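# Geometric and topological summary
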Amino acid sequence: MWPFSTNNSVPVASLKDLDEGYDYVIVGGGTAGCVLANRLSANPQNKVLLVERGPVDVSWTSRIPLFSANFAADHRLARKLESEEEPVVGKAVEIFQGNALGGSTQINHMFYTRGPSGQYDRWERSGAKGWGFKSLLPYFIKAERAEYDASPSVHGSNGEWINRQNGPFFYSSFEHSVQACQALGLSRIPDVNDPQNVPVGWATIPVTRDTNQHRHSTFWAFLSPALMQARKNNLHVLLNTIVERLIMEKEGDQLVVRSVALGPTDGQADGGASVQVRVRREAVICAGTFGSPQILMLSGIGPSEHLNDIGIPVLQELPVGENLQDHFGVFTKYLVPLHDSILRTSRQPLYFIWEVLRYFLFGTGVLLAPVVQMAIFACTALLDKHGVPREEKKPEIDSVPDLEIMPLAHAHGLAEKDTTRGGFAFLTVLLTPVSKGSVRLRNNDPRATPRISFNYLSAPSDRMRMRHGLRLALRLARGLRQQGYQLEPAEAPPLDAEISDDTLDRQIAEQGCTTYHYTSTCALGSVVDNDLIVKGTRNLRVADASVFPEVLACHLQAPVVAVAEKCADMMLSTHQLDALLK
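This structure is a prediction, so every number in the text was calculated from the model and none was measured.

Before going further, it helps to spend a moment on empty space enclosed by the protein. Tallied over the entire structure, the rule returns five cavities of 30 Å³ or more. Considering only enclosed or pocket space, the largest cavity measures out at about 110 Å³ in volume. Taken together, 13 residues line the largest cavity, and the ones lying closest to its centre are Pro-116, Val-192, Asp-194, Pro-195 and Pro-199. Its residues assigned to classes, the lining of the largest cavity shows seven nonpolar, four polar and two charged.

For an α-helix the count is 3.6 residues per turn, leaving residues at separations of three or four pointing the same way. Here helix H11 (residues 460–482) contains 23 residues, and its C-alpha end-to-end distance of 33 Å stays within 8% of the 33 Å for a straight helix at 1.5 Å per residue. Directly after H11, the chain includes Gly-484, whose backbone phi takes a positive value near 95°.

Looking at the element boundaries, Asp-502 is found in helix H12 (residues 501–511). Judged by its relative accessible area of 53%, Asp-502 is exposed. C-alpha separation for the pair Asp-502 and Arg-467, spaced 35 residues apart in sequence, amounts to 9.8 Å.

Before going further, it helps to spend a moment on the nonpolar core. One broad trend across soluble globular proteins is that nonpolar side chains are buried collectively. By size, the foremost hydrophobic cluster in this structure holds 92 residues, and its most contacted members are Leu-36, Leu-223, Leu-262, Leu-296 and Leu-532. No other element matches helix H13 (residues 557–581), which puts ten residues into this core. Apart from residues no more than four positions distant in its own chain, Leu-36 is found in contact with Ile-26, Val-284, Cys-286, Ala-543, Ala-564, Cys-567, Ala-568 and Met-571.

So, about the side chain of Gln-557. Residue placement: Gln-557 occurs in helix H13. Of note is the side chain of Gln-557, whose polar atom sits 3.2 Å from the side chain of Asn-108. Of note is the side chain of Gln-557, whose polar atom sits 2.9 Å from the backbone oxygen of Phe-111. Gln-557 has contacts with Thr-31, Thr-105, Asn-108, Met-110, Phe-111, Tyr-112, Trp-161 and Thr-208, leaving out every residue within four places of it along the chain.

Moving on to a nonpolar patch on the surface. Where nonpolar side chains cluster on the molecular surface, the patch consists of Leu-350, Ile-353, Trp-354, Leu-357, Leu-361 and Phe-362 and spans about 680 Å² of accessible area. Among the structural elements, Trp-354 can be located in helix H10 (residues 349–362). Of the residues examined, Trp-354 reaches a relative accessible area of 44% and is grouped as partly exposed.

Before going further, it helps to spend a moment on unusual backbone geometry. Even without being a glycine, Met-110 presents a positive backbone phi close to 75°. Here Met-110 is to be found in the loop between strand E4 (91–98) and helix H3 (117–125). Note on Met-110: relative accessible area 2%, which makes it buried.

As a further point, take the packing of helix H5 (residues 172–183) against H11. Where H5 contacts H11, the axes come no closer than 8 Å and their chain directions differ by 110°. Our classification of the angle between H5 and H11 gives roughly perpendicular. Handedness of the crossing formed by H5 with H11: right-handed. Contacts between H5 and H11 involve Ser-173, His-176, Ser-177, Ala-180 and Cys-181 on the former and, on the latter, Leu-476, Gly-479 and Leu-480.

With that settled, the discussion passes to the sheet that holds strand E19 (residues 437–440). Spatial strand order, E14-E19-E20: three strands in an open sheet with antiparallel pairing. The open sheet terminates on both sides in strands that have one partner only, identified here as strand E14 (322–324) and strand E20 (451–453). Along the sheet, successive strands turn relative to each other by an average axial angle of 30°, direction set aside. The sheet contact formed by E19 and E20 spans three bridges and is antiparallel. Residue pairing across strands places Arg-440 opposite Arg-451, the latter belonging to E20. Contacts from helix H7 (residues 288–298) reach E14, E19 and E20 within the one sheet, and its direction differs from that of E19 by about 50°.

This part takes up H5. Counted at 1.5 Å a residue, the expected span for H5 with its twelve residues is 16 Å, and the 17 Å between its end C-alpha atoms agrees. Along H5, the residues that are buried comprise Ser-173, Phe-174, His-176, Ser-177, Val-178, Ala-180 and Cys-181. The inward-facing, buried residues of H5 abut strand E7 (201–204), strand E16 (374–378), strand E17 (403–408), strand E18 (421–430) and H11.

Okay, the pairing of E17 next. Among the six residues in E17, six count as buried, and that is most of the element. Of the two faces of E17, both are covered, the one formed by Leu-403, Ile-405 and Pro-407 as well as the one formed by Glu-404, Met-406 and Leu-408. Pairing between E16 and E17: three bridges, direction antiparallel. From the neighbouring strand, Ala-378 faces E17, where its bridge partner is Leu-403. With six bridges connecting them, E17 and E18 associate as antiparallel partners.

Relative to the helices and strands, Arg-506 is located in helix H12. Judged by its relative accessible area of 49%, Arg-506 is partly exposed. Residues Arg-506 and Ala-283, 223 residues apart in the sequence, show an inter-C-alpha distance of 47 Å. For Arg-506, the side chain forms a polar contact with the side chain of Thr-503, separated by 3.2 Å.

Calculation notes
Residues numbered from 1 in each chain as written. Predicted model: local features only at pLDDT ≥ 70, side-chain atom pairs only at ≥ 80, totals over all residues. Heavy atoms only, no water. 1 Å grid on protein atoms, 1.4 Å probe; cavity = no way out; pocket = protein on both sides within 12 Å on 5 of 7 lines; lining within 4 Å. Points joined across faces, edges and corners; volume = space filled by probe spheres on them. Nonpolar A, V, L, I, M, F, W, Y, C, P; charged D, E, K, R; others polar. Helix = DSSP H or I, 4+ residues; strand = E, 2+ residues; numbered from the N terminus. Expected span 1.5 Å × (residues − 1). Buried < 20%, exposed > 50% of the residue type's maximum accessible area, 1.4 Å probe, protein only. Core = buried A, V, L, I, M, F, W, Y, C linked by side-chain atoms within 4.5 Å. Contact = heavy atoms within 4.5 Å. Polar contact = N/O pair within 3.5 Å; in protein donor to acceptor, adjacent residues only side chain to side chain. Patch = residues over 30% accessible without salt bridge, like charges linked within 9 Å, V, L, I, M, F, W, Y side chains within 5 Å. Areas by Shrake-Rupley, 256 points an atom, 1.4 Å probe, with all protein chains shown as cover. Salt bridge = Lys/Arg side-chain N within 4 Å of Asp/Glu carboxyl O. Axes fitted to C-alpha atoms, helices over the stretch in contact; angles between N-to-C directions. Parallel < 35°, antiparallel > 145°, perpendicular 65-115°, else oblique. Left-handed = near helix turned anticlockwise from the far one by under 90°. Pairing = 2+ DSSP bridges.

No statement about biological role is implied by the geometric values presented.
In structure tokens:
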């Protein structure tokens, strides 16, 4: 459990010392970029450059799950953006993204969920050949090392990326939540990642922690200081640097990336001068749902009308930046006994000291971040008007749940309401929104933040389904109180009456939020083809959550890693084929 190490030196390159060219240039060292860097540099003959806009953090606090998940208070590893004003909540939404090697896997809640198989299969039926669940399963397995009793037919045991079950419930509210689920007819899902299980009910959620109970980000799993040292001759990692644009030429009817223009993130370091690095084979962009479309548009690939307005010459007309989706969530918050809330760590210093010792000595306790240990998945089509599952309607194996309700042993903002009690919340999340937003450039400055509009709940069916989800969450809260659990509404509708749509709409407006699951701005089929190659180009791919045709009904880090594994496989196969043809 001891997170300190004296052997964490990280070899990093500088702008002025780069090679003239590289076989592969990876733009973005986040969740996907670390996987791609590992796979593409495994052959020492391949010269690989990984460009990351943020730093690297090997500090001990970045390894402890609870400390490293507090990204809203600690911006060292997170980039904060703001959306345009969102009508549903009447204000701009704060956006956080990982901004270091490992990306959002350095700061998230570590949930390992793949999503329902039926959703991937729907993609394939819609034309995304090779993106059905059976096609992606080998890539999930390749990366994974599941350290719990998991079916070997669907889980990996030899991969680099470790996930495990959280163990017994740390807070009694979770056990009460299970009993409330059972009373409503919601059964246990034995393994939320096994497609042989019906994906509706309640489940414990695996998390990506290593054998020492440290956060296991894709940086530590696939890159790590040791691997970077071992491959420093053919893998160069450039930090605090952005790609200002891609320099492309037309060959026949295709664009070919010849080089990338690099510059310091803040415009100051290394003298602030841009450097161009040649691309010998391929460039792959994995800068995230906001960064990837920004780079494409700055390079002349995107909606022609928008690029003309910005003053960027159009090289390829594509709907880049459109189709933005996210999981919109709504809190219902309650006061509970202090001992049953993570607020106890800030209210009782001796208790916090004991928990620190407990983690370092035994690898257990609150520093493992057991704020969420289970989730409830439901289909609104199977709920009645009161939010109760219908007995006459049962989910199927290929069902795609459109609601996730997470019990949290924490409720942000309740600390001042009652200093003698703790906070608890249900976070109700719409998993399959119809509403779509967009990402646009503010200007042609690569360091300017993009203009982001989510348009949450703009589709009437989304608002209707969110109301259904909130009614189910209120039913669950009533179930906790009926069991004798001390639960008092704080920022939630009352539990002893039927709730009107107007009351739920006020809850949505006051407690609505992002859940940081941004996707689909470079979607398969519209921006990239089934090989993740940007349409109209020969040697440019995108590999991150922006390529999802729609937001997946799950937490996204595992699918992003599978996308990176598949992309690396396709890139290496392309080079092998080209070598044979020559």
